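Tertiary structure, described
Chain by chain, the residues run as shown.
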Amino acid sequence: MSIEIDISHYKNLAIEAQEGGVWIVTLNRPAKRNALDIETIEELVRFFSDAPRAGVGAVVLAGAGDHFCAGLDLIEHHDADRSPADFMHVCLRWHEAFNKMEYGGVPIIAALQGAVVGGGLELASAAHIRVMDETAYVALPEGQRGLFTGGGATIRVTDLVGKARMIDMMLTGRVYKGQEALDLGFAQYLVDGSSFDAAVELARKAAQNLPLSNFAICSAVSHMQNMSAMDAAYAEAVVAGVVNTQAEARTRLAAFADKTAARVRPTT
Ligand code: 1HE
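Attention here is on the structure that accompanies the text. (Residues numbered from 1 in each chain as written. Predicted model: local features only at pLDDT ≥ 70, side-chain atom pairs only at ≥ 80, totals over all residues. Heavy atoms only, no water.)

This part covers the overall build of the protein. For the protein, the count of helices and strands is twelve helices and nine strands. Taking 18 Å as the expected radius of gyration for a compact globule of 268 residues, we find that the protein reaches 19 Å, a close match to that expectation. In terms of overall dimensions, the protein has C-alpha extents of about 65 × 40 × 40 Å along its principal axes. A buried classification covers 46% of the 268 residues belonging to the protein. In the protein, 70% of the contacts between residues at least 6 apart in sequence involve partners at least 24 apart. (Helix = DSSP H or I, 4+ residues; strand = E, 2+ residues; numbered from the N terminus. Rg over C-alpha atoms; globule rule 2.2 N^0.38 Å. Buried < 20%, exposed > 50% of the residue type's maximum accessible area, 1.4 Å probe, protein only. Contact = heavy atoms within 4.5 Å.)

Shown next, in the form of structure tokens:
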């Protein structure tokens, strides 16, 4: 059951398939600081709905220009003068996109630079790995704009850094960057050079895993967080039953047994 992704159907996302199953998905409205308008959200829904069935091994999610993403398209929102129901449906499309990302089973590595704010942070939080460069900063300016988060920050940003920090960010507009942001858990990597290059390297590494292992890592872990500990342990056993007996794993296990597989060592 494989489907084709036709990259010519995308306008606000630039999409490129690289060797080794790595796909580069770039928010491509740098003149608008990659603000998330309706069209961009629909394209994210489409790409991340298709990716798990299209043989995508791993995705690097990037933003064109100096900023990853400025969040909700405030101009579109202002001009549309939406009703509560209208905006609820907008938010439900954001959730559709971000849930497809978090639960889809395809590893997503976000390459962050400049502003990662509001909905931009919500988007980054739906990726499985975040890589910041020295210019990257995170904030939730919703409070200052007379808004509230609508793209999952109450769940995902709280998961990353805790409720107290998230509330403080929203009340005061606090901005985090650099080592402090890393230490707090906004990202797993902080690099001196290009976050994009580092993200590509990580994506290539992840794409070498067996697809079924990656599916479990990038889907089951999130699902299990929504379960009771008892149910999660049961689900983990079932998933491990399927993944750990896959035929493709036998070659890797044989390589360990005959001592040709790489050993686990710390990098020096
Ligand atoms: C935008 C947006 C946007 C820029 N929607 N058009 N997000 C925010 O509150 C962040 C708003 N943006 C900024 O604070 C700044 O733009 C940045 C720090 C990201 C970048 O600053 P800078 O000086 O490089 O750019 P700029 O001059 O502010 O903006 C350049 C253009 O991008 C300009 O358009 P132009 O046509 O006048 O050239 C801006 O209008 C446009 N632009 N950001 C629309 N966000 C589901 S609920 C989620 C709720 C939220 O996400 S709230 C957080 C919203």
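Below, the discussion takes up the packing of helix α10 (residues 211-225) against helix α11 (residues 229-243). As a packed pair, α10 and α11 sit with axes 11 Å apart at the nearest point and diverge in direction by 170 degrees. Looking at the two axes, α10 sits roughly antiparallel to α11. Facing α10, whose interface residues are Leu 212, Ser 213, Ala 216, Ala 220 and Met 224, α11 presents Ala 232, Ala 235, Glu 236, Val 239, Val 242 and Val 243. Classifying every residue of the contact of α10 with α11 gives nine nonpolar, one polar and one charged. (Axes fitted to C-alpha atoms, helices over the stretch in contact; angles between N-to-C directions. Parallel < 35°, antiparallel > 145°, perpendicular 65-115°, else oblique. Nonpolar A, V, L, I, M, F, W, Y, C, P; charged D, E, K, R; others polar.)

The next point concerns the packing of helix α6 (residues 153-161) against helix α7 (residues 163-172). Contact geometry for α6 and α7: axes closest at 7 Å, N-to-C directions at 120 degrees. When the axes of α6 and α7 are compared, the pair comes out oblique. Judged by the sense of rotation from one axis to the other, the crossing of α6 with α7 is right-handed. For the pair α6 and α7, contact is made by Ala 153, Thr 154, Val 157, Thr 158 and Val 161 and by Lys 163, Arg 165 and Met 166, respectively. A class-by-class count of the residues in the contact of α6 with α7 yields four nonpolar, two polar and two charged. (Left-handed = near helix turned anticlockwise from the far one by under 90°.)

Around the ligand there are 25 residues in total, and Lys 32, Ala 70, Leu 74, Gly 119 and Arg 145 lie nearest to it. Between the ligand and Ala 31, the relevant distance is 3.2 Å, taken from an oxygen atom to a main-chain nitrogen or oxygen of the residue. Here an oxygen atom of the ligand sits 2.7 Å away from a polar atom, N or O, in the main chain of Gly 119. Protein chains shield 69% of the accessible area of the ligand, which is 1000 Å² for the free molecule. Within the residue set of the shell around the ligand, elements represented by two or more residues are α2 (74-80), β5 (115-117), α4 (119-125) and α5 (142-145). (Near = heavy atom within 4 Å. Polar contact = N/O pair within 3.5 Å; in protein donor to acceptor, adjacent residues only side chain to side chain. Areas by Shrake-Rupley, 256 points an atom, 1.4 Å probe, with all protein chains shown as cover.)

A few words now on α7. Among the residues making up α7, those that are buried are Met 166, Met 169 and Met 170. Around the axis of α7, the buried residues are gathered within 90 degrees of arc, so they sit on the same side. Structural note: α7 exposes Ala 164, Leu 171 and Thr 172 on the side pointing more than 90 degrees away from its buried face. Contacts from the buried residues of α7 go to α4, β7 (137-139), α5, α6 and β8 (176-177). Phi turns positive one or two residues past the end of α7, at Gly 173, with a value near 75 degrees. (Arc of directions from axis to C-beta.)

Successive residues of a regular strand alternate their side chains across the two faces of the sheet. For strand β4 (residues 108-112), the buried fraction is high: five of the five residues fall into the buried class. By the alternation rule, side chains of β4 split into Ile 108, Ala 110 and Leu 112 and Ile 109 and Ala 111, which are all buried.

Take Arg 156: it is sitting in helix α6. Arg 156 has contacts with Phe 98, Asn 99, Glu 102, Tyr 103, Ser 125, Ala 126 and Gly 151, leaving out every residue within four places of it along the chain.

Applying the stated criterion across every chain yields a total of nine salt bridges. Two residues, Arg 174 and Glu 180, come together in a salt bridge whose shortest N-O distance is 3.9 Å. Ionic contacts of the salt-bridge type, sharing partners, join the residues Arg 29, Asp 37 and Asp 73 into one network. (Salt bridge = Lys/Arg side-chain N within 4 Å of Asp/Glu carboxyl O.)

With that settled, consider the sheet that holds β5. Reading across from one edge, β5-β7-β8 is the order of the three strands in this open sheet, with mixed pairing throughout. A single partner strand is all that each edge strand has here, and the edge strands are β5 and β8. Bridge count for β7 against β8 is two bridges, and the pairing is antiparallel. Residue pairing across strands places Tyr 137 opposite Lys 177, the latter belonging to β8. (Pairing = 2+ DSSP bridges.)

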